[in-house]
Amino acid sequence: MIPIKNDRHIIRMRESCAIAANVLQELKTLVRPGMSTQDLEESGRASIARQGARSACYGYQIGSRRYPAHTCISVNEEVVHGIPSFRRILRDGDLVSLDIVVEYEGFIGDNAATVAVGTIASAAQKLLRVTEEALRIGIVEAVVGNRIGDISHAIQRHVESHGFSVVRDMVGHGVGLSMHEEPQIPNFGRKNSGEKIKAGMTLAIEPMVNLGAYKTKTLSDGWTIVTADGSPSAHFEHTVLTSDKGPEILTIPRPVLAPVHALLPVAASAAH
Ligand code: MF3
Ligand code: CO
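This report concerns the structure included in the present document. (Residues numbered from 1 in each chain as written. Chains lettered and ligands numbered in written order. Predicted model: local features only at pLDDT ≥ 70, side-chain atom pairs only at ≥ 80, totals over all residues. Heavy atoms only, no water.)

Looking now at the coordination of the cobalt ion (ligand 2). For the cobalt ion (ligand 2), every protein donor is listed as Asp110 (OD), His173 (NE2), Glu206 (OE) and Glu237 (OE), and the spread of their distances is 2.1 to 2.3 Å. In primary sequence terms, the donor set of the cobalt ion (ligand 2) follows D-x62-H-x32-E-x30-E. Placement of Asp110 in strand β7 (residues 107-116) and of His173 in strand β9 (residues 172-174) is noted, with a sequence separation of 63 residues between them. Accessibility classification places Asp110 together with His173 in one group, the buried group. (Donors = N, O, S within 2.8 Å, 3.2 Å for Na, K, Ca; no water. Helix = DSSP H or I, 4+ residues; strand = E, 2+ residues; numbered from the N terminus. Buried < 20%, exposed > 50% of the residue type's maximum accessible area, 1.4 Å probe, protein only.)

This is the structure in structure tokens:
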């Protein structure tokens, strides 16, 4: 069953998604050659904490492994789930994907974007453009009465029409009370297939697009997904609310007041 959010849930989803978007926006502006991916991790961690939220990635468990960082930072041929590191220095011409998932007052917001480090090759520029367009085109299909496969198909069609490939091993997903809820949202598929879209679904739509072939593999760290052929990859993601008025992107930056309990320690220490 795909969870349907009520008005109270949606109020919370708006907050967690805005916070996730604020963090992503902040990190995008910080990216420059010479910094490490750990620098981005530290800024992301601070930004999440400052807004009274928590990283949903940190400690996230798959099997017996727990994800060890607050952000996912994936460079070039890394598709998703790159673990930030002091040793990974961003160079002019790199692509860096920033994936931010936060929990705020019990609800989760998820978004991602890939940005250029300095000046990138024109093929890489096109990869970013087409992947972001694919996300937009997928979101347009997230209308009540459509099916999930309509989103998948639209994304695949756009990506492949430009000669790129969609990753098949990783999918978009429902998001809300947990990071991964039903439904799965593949970035490839058939029109008019899958579950019917109803009002009140919160969907993380996230095309992952490779410049080369779609195959991926997992590095020995157990997390980092890379393209099998070493070609660069891009990733754009929004959390979207379906409604009778059409799809609404929730992961848009805006200030969110921290909850009172997150502010209390600061207020208390200021009084001394
Ligand atoms: N946006 C990613 C996803 O939906 C975030 C994963 S966090 C990690 O899968 F902990 F699994 F790395
Ligand atoms: Co996601």
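Quick look at the side chain of Asn22 now. Relative to the helices and strands, Asn22 resides in helix α1 (residues 7-30). Here Gln51 takes part through its side chain, which lies 2.8 Å from a polar atom of the side chain of Asn22. (Polar contact = N/O pair within 3.5 Å; in protein donor to acceptor, adjacent residues only side chain to side chain.)

The next thing to look at is the side chain of Ser55. Positionally, Ser55 belongs in strand β1 (residues 54-55). Polar contacts involving the side chain of Ser55 include one to the main-chain carbonyl oxygen of His70, which spans 2.9 Å. When near neighbours in sequence (up to four residues on either side) are disregarded, Ser55 contacts Ile48, Ala69, His70 and Val101. (Contact = heavy atoms within 4.5 Å.)

Turning next to the pairing of strand β16 (residues 238-241). Burial of β16 is two-sided: the residues His238 and Val240 facing one way and the residues Thr239 and Leu241 facing the other way are all buried. Across four bridges, the pairing between strand β11 (residues 202-205) and β16 is antiparallel. What sits directly across from Ala204, in β16, is Thr239. Across two bridges, β16 lies against strand β17 (residues 248-249) in antiparallel orientation. When the sheet's bridge partners are listed, Val240 is paired in β17 with Ile249. Once β16 ends, the chain turns through six residues before running back antiparallel as β17, passing Gly246 with a positive phi of about 110°. (Pairing = 2+ DSSP bridges.)

Here Glu182 and Pro183 are connected by a cis peptide whose omega angle stands at 0°. Looking at the element boundaries, Pro183 is found in strand β10 (residues 181-185). One non-glycine residue, Asn192, lies in the positive phi region at around 60°. Note that Asn192 resides in the loop between β10 and β11.

The next thing to look at is the sheet that holds β11. What the five strands build is an open sheet, ordered β10-β9-β11-β16-β17; its pairing is antiparallel. Looking along the sheet, the strands with just one partner apiece sit at the ends: β10 and β17. Two elements, β9 and β11, share two bridges in a ladder whose sense is antiparallel. Bridge pairing in β11 links His173 to Ala204. Packing against the sheet, helix α3 (residues 122-140) makes contact with β11, β16 and β17, and its axis sits at approximately 15° to β16. (Axes fitted to C-alpha atoms, helices over the stretch in contact; angles between N-to-C directions.)

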